[in-house]
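Each chain, written out:
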Amino acid sequence: MRLGIVSDLHCNAAGLAEALRLMGDVDELFCLGDSIWEYRFSNEVIRTLKDRRAHVILGNHEEAFLGPHGARARARDGIDAELVGWLAARPHRLELEIAGKRLLLVHSTPWEPRGAYVHPDSSLLARFAEADADVVLYGHTHEQVVRRFGSVLVINPGSAGDARDHRNGRLLSCAVLDLASDETQVIDFPDPQ
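Since we're looking at a predicted model, the values are computed, not measured.

The rules we used
Counting starts from 1 at the beginning of each chain's written sequence and moves along it residue by residue. Totals for whole chains, interfaces and linings use all residues, but because this is a predicted model, local features are given only for residues with pLDDT of at least 70 and pairs of side-chain atoms are given and counted only at 80 or more. Side-chain numbers come from the whole structure's heavy atoms, not from hydrogens or water. Secondary structure elements are defined from DSSP: runs of H or I of at least 4 residues count as helices, runs of E of at least 2 residues count as strands, and each element is numbered from the N terminus. Between the two quantities, the radius of gyration covers C-alpha atoms and the globule rule is 2.2 Å times the number of residues to the power 0.38. Relative accessible area decides the class of each residue, using a 1.4 Å probe on protein chains only: under 20% of the type maximum gives buried, over 50% gives exposed, and in between gives partly exposed. Two residues form a contact once any of their heavy atoms are found within 4.5 Å. The method behind every accessible area is Shrake-Rupley, applied with a 1.4 Å probe, and residues are considered shielded solely by the protein chains displayed. Each pair of aromatic rings taken from Phe, Tyr and Trp, with Trp reduced to its six-membered ring, is defined by centres within 6.5 Å and is described as stacked if the planes are under 30 degrees apart, edge-to-face if over 60, and tilted in the remaining cases. Should the NZ of a Lys or the CZ of an Arg lie within 6 Å of a ring centre and within 35 degrees of the ring normal, that charge is described as sitting over the ring. Our arc is simply the arc of the directions from the helix axis toward the C-beta atoms. Contacts described as polar in this section are N or O atom pairs within 3.5 Å, which, within protein, must combine one atom able to donate a hydrogen with one able to accept it, while residues neighboring in sequence count only if both atoms come from side chains. Here, any two strands with at least 2 DSSP bridges between them count as paired. Note on geometry: axes are C-alpha line fits, over the in-contact stretch for helices, and angles between N-to-C directions span 0 to 180 degrees. Oblique is the label for every angle not falling under 35 degrees (roughly parallel), over 145 degrees (roughly antiparallel), or within 65 to 115 degrees (roughly perpendicular). Two helices crossing with the near one rotated counterclockwise from the far one by less than a right angle form a left-handed crossing, whereas a clockwise rotation gives a right-handed crossing.

Draft legend 1. Seen up close, the overall build of the protein chain. Looking only at helices and strands, the protein chain features five helices and ten strands. What you see for the protein chain is a C-alpha radius of gyration of 16 Å, in line with the 16 Å of a compact globule of 193 residues. If you line up the protein chain on its principal axes, its C-alpha atoms span 50 × 35 × 35 Å. For the protein chain, the proportion of its 193 residues judged to be buried stands at 53%. Put simply, of all contacts in the protein chain between residues at least 6 apart along the chain, 61% involve residues at least 24 apart. Surface accessibility of the protein chain: about 8,800 Å² in total, with carbon and sulfur atoms responsible for 46%.

What follows is the structure, given as structure tokens:
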């Protein structure tokens with residue numbers, strides 16, 4: 001069972017398309033939030049995620065767009081209201097069991113209050129071991145992490161839409177997890193847009 005993982009797309013449809021191409025055939029697709037960017041919406045990005053039946057969670061950018069301050073942005077011409085409704089129905093966190101493994105998807109942290117930036121060198125990363133999961137997938141920082149804390153494998157694929165990770169030369173990235181072996185491949189690629 002191969003899982004494709006993207007996060008922080010920030011309306012970059014070309015970045016998402018390239019990530020999907022590079023990941024190849026995956027059994028399930030996950031998007032860990034911030035598929036849109038502040039008060040901008042991408043019909044193409046959201047349609048692709050919906051059509052691929054991706055497991056999508058909300059990040060802080062969706063919260064802004066879908067909240068009270070996003071009313072004017074949601075009313076703009078050209079925004080597909082059905083896609084906005086589909087996105088609005090996504091959860092903030094998602095717990096799944098796939099191939100006998102318990103997965104937890106969060107945008108920032110498994111604990112409340114959510115929203116902290118847990119960078120690769122943060123001591124807070126160890127707290128992910130508290131999660132009742134075999135694998136925790138998170139985003140938000142745009143920085144790659146593949147580490148085990150206790151029995152919990154923690155993965156942040158970086159960003160497939162807005163490169164900010166100086167450790168990979170500010171390239172976009174995505175990840176593929178083989179659930180049988182826990183082998184995780186992080187794929188770096190230049191922004192095609």
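Back to the write-up after that little detour.
Draft legend 2. How the structure looks around unusual backbone geometry. P113 follows E112 through a cis peptide bond whose omega is -10°. Here P113 shows up in the loop between β5 (101-106) and β6 (135-137). We note that D8 has phi near 50°; this positive angle belongs to a residue other than glycine. Summarising the element assignment, D8 is placed in the loop between β1 (2-6) and α1 (13-23). Even without glycine at this site, R53 takes up a positive phi of about 55°. The class for R53 is exposed, based on a relative accessible area of 72%.

Draft legend 3. Representation of the packing of aromatic side chains. Using the criterion set out here, one finds three aromatic pairs in the structure. Seen from their ring centres, W111 and F128 are 5.5 Å apart, and the 75° between their planes marks the pair as edge-to-face. Separated by 17 residues along the polypeptide, W111 in the loop between β5 and β6 and F128 in the loop between β5 and β6 bring together distant segments of the chain. Taken individually, W111 and F128 each receive the classification buried, so the pair is uniform in this respect. Here a set of aromatic residues connected by ring pairs shows up, and it is made of W111, F128 and Y138. The ring of W111 is capped by R127, whose NZ or CZ atom sits 4.2 Å from the centre of that ring.

Draft legend 4. Molecular detail of helix α5 (residues 81-88). Buried residues of α5: L83, V84, W86 and L87, and no others. The buried residues of α5 occupy an angular sector of 160° when projected down its axis, which confines them to one face. Those residues of α5 that are exposed and aimed more than 90 degrees away from the buried face are A81 and E82. In the core, the buried residues of α5 are packed alongside α2 (43-51), β3 (55-56), α3 (60-66) and α4 (71-74). Where α5 begins, one side-chain oxygen reaches toward the backbone nitrogen of E82, 2.9 Å away; that side chain belongs to D80.

Draft legend 5. Representation of the sheet that holds strand β9 (residues 172-178). Reading across from one edge, β3-β2-β1-β9-β10 is the order of the five strands in this open sheet, with mixed pairing throughout. The outermost strands of the open sheet, each flanked by one partner alone, are β3 and β10 (184-189). Where β1 meets strand β2 (residues 28-31), four bridges bridge the pair, whose relative direction is parallel. The residue bridging I5 from the neighbouring strand is F30, located in β2.

Draft legend 6. Inspection of the side chain of H107 at higher detail. The residue H107 is located in the loop between β5 and β6 in this model. The class of H107 is buried, set by a relative accessible area of 6%. A polar side-chain atom of H107 sits 3.0 Å from a polar atom in the side chain of N60. For H107, the side chain forms a polar contact with the side chain of H140, separated by 3.1 Å.

Draft legend 7. Quick look at the packing of α2 against α5. Closest axis-to-axis distance for the α2/α5 pair is 10 Å, and the angle between their directions is 60°. In terms of axis orientation, α2 runs oblique to α5. The interaxial crossing formed by α2 with α5 has left-handed handedness. Side by side, α2 and α5 meet where N43, I46, R47, L49 and K50 of the first sit next to E82, L83, W86 and L87 of the second.

Structural measurements only, silent on function.
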